[in-house]
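# Architecture at a glance
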Number of protein chains: 2
Amino acid sequence: MKNEEIFLATIIRNWQFQIKYFNATLEKLSDEQLLNEVSPNRNRGIYLLGHLTAYHDLTLPLLGFEGALYPELATIFIHSPDKATDNLPSVQSLKQQWNTVNEKLLQHFNSLSVDDWLTRHSNISEEDFVKEPHRNRLNVLISRITHLAYHNGQLNLLVKK
Amino acid sequence: MKNEEIFLATIIRNWQFQIKYFNATLEKLSDEQLLNEVSPNRNRGIYLLGHLTAYHDLTLPLLGFEGALYPELATIFIHSPDKATDNLPSVQSLKQQWNTVNEKLLQHFNSLSVDDWLTRHSNISEEDFVKEPHRNRLNVLISRITHLAYHNGQLNLLVKK
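What counts and how
- Residues numbered from 1 in each chain as written.
- Chains lettered and ligands numbered in written order.
- Predicted model: local features only at pLDDT ≥ 70, side-chain atom pairs only at ≥ 80, totals over all residues.
- Heavy atoms only, no water.
- Least-squares fit on C-alpha atoms with pLDDT ≥ 70 in both.
- Contact = heavy atoms within 4.5 Å.
- Buried area = accessible area lost by both parts, 1.4 Å probe.
- Salt bridge = Lys/Arg side-chain N within 4 Å of Asp/Glu carboxyl O.
- Helix = DSSP H or I, 4+ residues; strand = E, 2+ residues; numbered from the N terminus.
- Nonpolar A, V, L, I, M, F, W, Y, C, P; charged D, E, K, R; others polar.
- Core = buried A, V, L, I, M, F, W, Y, C linked by side-chain atoms within 4.5 Å.
- Buried < 20%, exposed > 50% of the residue type's maximum accessible area, 1.4 Å probe, protein only.

## Regarding the relation of the copies chain B and chain A
- Mapping chain B onto chain A calls for a rotation angle of 180 degrees and an axial translation of 0.0 Å; the resulting RMSD is 0.0 Å. Such a turn and shift between the copies fits a two-fold axis.
- Of the residues that chain B buries at the interface, 100% are likewise interface residues in chain A, meaning the two copies contact each other through the same surface.

## Focus on the interface of chain B and chain A
- With 36 residues of chain B in contact, the opposing surface of chain A contributes 36 residues.
- Buried area between chain B and chain A, both sides added, is near 3,300 Å², and the carbon and sulfur share of it is 62%.
- Ranking the residues of chain B by area buried against chain A places Phe7(B), Arg42(B) and Tyr150(B) at the top, with a combined share of 23%.
- Counting across the interface, chain B meets chain A through 0 salt bridges.
- Mapped by element, the contributors of at least two residues to the side of chain B that touches chain A are helix H1 (3-27), helix H5 (114-117) and helix H7 (137-155) of chain B.
- When its residues are assigned to classes, the side of chain B that touches chain A shows 17 nonpolar, 14 polar and 5 charged.

## Focus: the nonpolar core
- In terms of nonpolar packing, the biggest core is built from 88 residues, with Trp117(A) and Trp117(B) touching the most fellow members.
- Apart from the residues within four sequence positions on either side, Trp117(A) is in contact with Leu8(A), Ile12(A), Leu63(A), Phe109(A), Leu112(A), Asn136(A), Arg137(A), Leu138(A), Leu141(A) and Phe7(B).

## So, unusual backbone geometry
- Backbone geometry at Lys83(A) places phi at a positive 70 degrees, although glycine is not the residue there.
- Relative to the elements of secondary structure, Lys83(A) occurs in the loop between helix H3 (72-77) and helix H4 (91-111).
- Residue Lys83(A) is classed as partly exposed on the basis of its relative accessible area, which comes to 41%.
- We note that Asn41(B) has phi near 65 degrees; this positive angle belongs to a residue other than glycine.
- Relative to the helices and strands, Asn41(B) resides in the loop between H1 and helix H2 (45-62).
- The exposure class assigned to Asn41(B) is exposed, which follows from its relative accessible area of 66%.

All we've got here are geometric facts, nothing functional implied.
As structure tokens, then:
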């Protein structure tokens, strides 16, 4: 295995680990517990689940894989704060969408070559990418890993000790 | 720049970004606010700061760089839960140690070659490393990045909205 392939495998492995870790947190929480705020006046568990699902869904087009599967989630879970609407999808349907999106992403991740990972993502123009070559797809993947870890730290606060 | 070097630069860049993001959270909080729990009956801000400092400090020997600078922190902030002792270091001294440790780490990170990053860390034997080559130094770095993001998500809950 070439160095660059070990690098890539290590990062994708960490993505899988963070998904697994988040899902383990999720499994410890009932649908009712997910309606609680992670800290007084902050986001509820269900909002974090929807937020991450919407974010990961939009990563499909951002990395040039395919169109978003559930673009309607972005309105509720990215462009609006929690509690802006009473009309949320159910926890069960969000969980299903969450799993579907992550499976899709992993399939695409595994199909990209090292060179593909170092090409630009779709939010940056060809001209800008010449000046800022770090704004590649790999960077998006690492950002998604840390974004997931960030909110997992919050969701974990709902787990009873 | 070779692919493997772009990979490495992207990861170290993300490490720096997460440190900067955590420090931005820290700057929004007074010493008094850091004595608050991030959620009822959970860790206080000061404990998270000490925990991360102790963890990053132990990363110095784990990656074979040098001995821990403040090994006494591990007893309080890793091996004991929050509120086990009233005798905590001050926020000011923890902040100083936090910055010192992170500067040291970055210096060492920047001095390692790509090949060095793919060698084993000191918690795994030569025999085991043959079977589990992903347990390399790079993997430790990525784990530290996600660990930091995880607790930053929690610390951020102390920031007044």
